[in-house]
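# Examination of the molecular architecture
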Amino acid sequence: MTERKMMKVLEGESVFPPPIWVMRQAGRYLPEYRATRAEAGGFLDLCYNPKLATEVTMQPIRRYGFDAAILFSDILVVPDALGRKVAFQEGEGPVLEPLDLGRVGELDPTGIHDRLAPVYEAVERIRGELPVETTFLGFCGAPWTVATYMIAGRGTSDQGPARKAALGDPEGFARLIDVLVEASIAYLARQIDCGADAVQIFDTWAGVLDETEFETWVIRPAKRIVAGLRAIHPKAKVIGFPKGAQALLERYVEETGVDAVGLDWTMPHAFARERIQPKVAVQGNLDPMRVVVGGRALDEGVDRVLAGLGQGRLIFNLGHGITPEADPANMARLVERVRAAKR
Ligand code: CP3
């Protein structure tokens, strides 16, 4: 295990040059991804096809030799496995049947594994194909972010429908979060059983909540997932990514028990260095737009992340997923620059 550079950082070491992987590294900016996706048919068909999900997970590893692979799937397979209707429409993003909080009692978090069996099969296959030195990450969506899609039935600009539900019917909303906490623990534990080395909890919409709502719907559920997962796998390594948490990130790391946190690209390096890195490893935080623009904008951004965060525990990544318009050649340039860095 120790030869896995990213695991060393999650276990508390500072490594330089830092290990690198990129959120959405398997995705539409890669022509080979677009070809496999077309072969699969729909997006969910790709997520539930163990052979093709393995193929797209491996594509960025073959091309760039990243230090970590992330399971190819989506956070919305959990609501799908809970029996909600989920569809991905080309160019539109996810569409779900909006959930009425009065019907949360119909969701059974213990019944998810049958539908998710192809995902677990993909995890086993991927671990078998990855080089030994490559860390393998499983993941799930955080309850708050998954709930925003379940309630609104789609992505919204301000998560208005879920914020309204959480403030207007906190008991009903808490029951939904409970279901998602329980399902997430079971789902992540199974991914580790099948070969994942560590897991990431994606809370993409954490940044729209006020302090008390952040405590209730972001920190507490993450803490319960970490504790629940460690009750099954005591050494489980967990990366939390409460995007947009800003100064609340400090409480998130103090209270949840995660081993690392993702930083979005708006996070000042001095704050992360002084308040976060002494407690946990950090992961990030290059603006994905710098990979689209390339050239000097890319090089300067890389150098600034390395100078600002490279003295402590760092996993190099972007501040959010790579976008479809990024040039694969810029990604090669990014990896090369990080690997050639000197402290
Ligand atoms: O990082 C990886 O390479 C692993 C795969 C992965 C996907 N989605 C594949 C995907 C991961 C980790 C996710 C997480 C995810 N999914 C999040 C949290 C992280 C984030 O990016 O904020 C969220 C909010 C979702 C929900 C989701 N899935 C949305 C809103 C969309 C549409 C937006 C878009 O980028 O198109 C998706 C679709 C999706 N998930 C794609 C991929 C590669 C693109 C769809 C396609 O190929 O047609």
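Residues numbered from 1 in each chain as written. Predicted model: local features only at pLDDT ≥ 70, side-chain atom pairs only at ≥ 80, totals over all residues. Heavy atoms only, no water.

## Here's the deal with the site of the ligand
Operational definition: When we say a residue is near a molecule or strand, we mean one of its heavy atoms is within 4 Å of it. Under this definition, polar contacts are N or O atom pairs within 3.5 Å; protein pairs additionally need one hydrogen-donor-capable and one acceptor-capable atom, and for neighbouring residues in sequence, both atoms have to be side-chain atoms. A 1.4 Å probe and the Shrake-Rupley method give the accessible areas. Residues count as covered only by the protein chains that appear here. Buriedness for pockets is judged along seven lines, at least five of which must meet protein on both sides within 12 Å for an open set on the 1 Å grid over protein atoms alone, while cavities are sets there where a 1.4 Å probe fits but cannot get out, and lining residues have an atom within 4 Å of a point. Those molecules having more than half of their atoms within 2 Å of a cavity or pocket grid point set are described as sitting in that cavity or pocket. We count a stretch as a helix when DSSP gives it H or I for four or more residues in a row; a strand needs E for two or more, and each element gets its number in order from the N terminus. Each residue gets one of three labels, nonpolar for Ala, Val, Leu, Ile, Met, Phe, Trp, Tyr, Cys and Pro, charged for Asp, Glu, Lys and Arg, and polar for the others, Gly among them.
Taken together, 22 residues sit near the ligand, with R24, Y33, R37, D74 and H320 positioned nearest. Backbone polar atom of A26 to an oxygen atom of the ligand: 3.4 Å apart, as the coordinates give it. Alone, the ligand offers 870 Å² of accessible surface; in the complex the protein occludes 88% of this. Here the ligand occupies the largest pocket. Breaking the shell around the ligand down by element, the ones donating at least two residues are α2 (31-40) and β3 (93-96). Residue composition of the shell around the ligand, grouped by class: 13 nonpolar, five polar and four charged.

## Some thoughts on the packing of helix α11 (residues 249-256) against helix α12 (residues 269-276)
The axes of two packed helices give the description: the angle between them and the distance between them. Inclusion rule: As a rule, the C-alpha atoms of each element are fitted with a line to give its axis, helices using only the stretch in contact, and angles between N-to-C directions run from 0 to 180 degrees. In this scheme, roughly parallel covers angles under 35 degrees and roughly antiparallel covers those over 145, while 65 to 115 is roughly perpendicular and the rest are oblique. Helix crossings are classified by the rotation of the near helix relative to the far one: an anticlockwise turn of less than a right angle makes the crossing left-handed, while a clockwise turn makes it right-handed. Contact criterion: two residues are considered in contact whenever any of their non-hydrogen atoms come within 4.5 Å of each other.
Between α11 and α12, the least distance of the axes is 10 Å, while the angle of their chain directions is 30 degrees. Considering their axes alone, α11 and α12 lie roughly parallel with respect to each other. The chirality of how α11 crosses α12 is right-handed. Across the interface between the two elements, L249, E250 and V253 from α11 touch F271, R275 and I276 from α12. Class assignment of the residues belonging to the contact of α11 with α12 gives a composition of four nonpolar, no polar and two charged.

## Digging into the pairing of strand β9 (residues 314-318)
Spelled out, the test is: The cut-offs for exposure are 20% and 50% of the maximum accessible area for each residue type, with area from a 1.4 Å probe on protein chains only; residues under the lower value are buried, those over the upper are exposed, and the others partly exposed. Here, any two strands with at least 2 DSSP bridges between them count as paired.
Burial runs high along β9: five of the five residues are buried. The two faces of β9 match: L314, F316 and L318 on one face and I315 and N317 on the other face are all buried. Relative to β9, strand β8 (residues 281-286) runs parallel, the two being bridged by five bridges. Among the inter-strand pairings, Q283 is bridged to a residue of β9, identified as I315.

## Observations regarding the packing of helix α10 (residues 211-232) against α11
Between α10 and α11, whose axes approach to 9 Å, the crossing angle comes to 30 degrees. Here the hand of the crossing between α10 and α11 comes out right-handed. Listed contacts from α11 to E211, F214, E215, V218, I219, A222, K223 and V226 of α10 are R251, Y252, E255 and T256. Of the residues belonging to the contact of α10 with α11, the class tally is six nonpolar, one polar and five charged.

## Describing the side chain of D203
With respect to the element layout, D203 can be found in strand β5 (residues 198-203). Aside from chain neighbours lying at most four places away, what touches D203 is A142, W144, T145, V218, F241, P242 and K243.

## Concerning the layout of surface pockets
What counts, and what does not: Grid points are joined across faces, edges and corners, and a volume is the space filled by probe spheres set on the points.
The calculated volume of the largest pocket comes to roughly 1,100 Å³. Lining the largest pocket we find 37 residues, and of these R24, R28, F43, D74 and F88 sit closest to its centre. If you list the elements that add at least two residues to the lining of the largest pocket, you get α2, β2 (86-89) and β3. Of the residues in the lining of the largest pocket, the class split is 21 nonpolar, ten polar and six charged.

## Topic: the environment of L46
Topologically, L46 is positioned in helix α3 (residues 43-47). With 225 residues separating them in the primary sequence, L46 and F271 have C-alpha atoms 40 Å apart.

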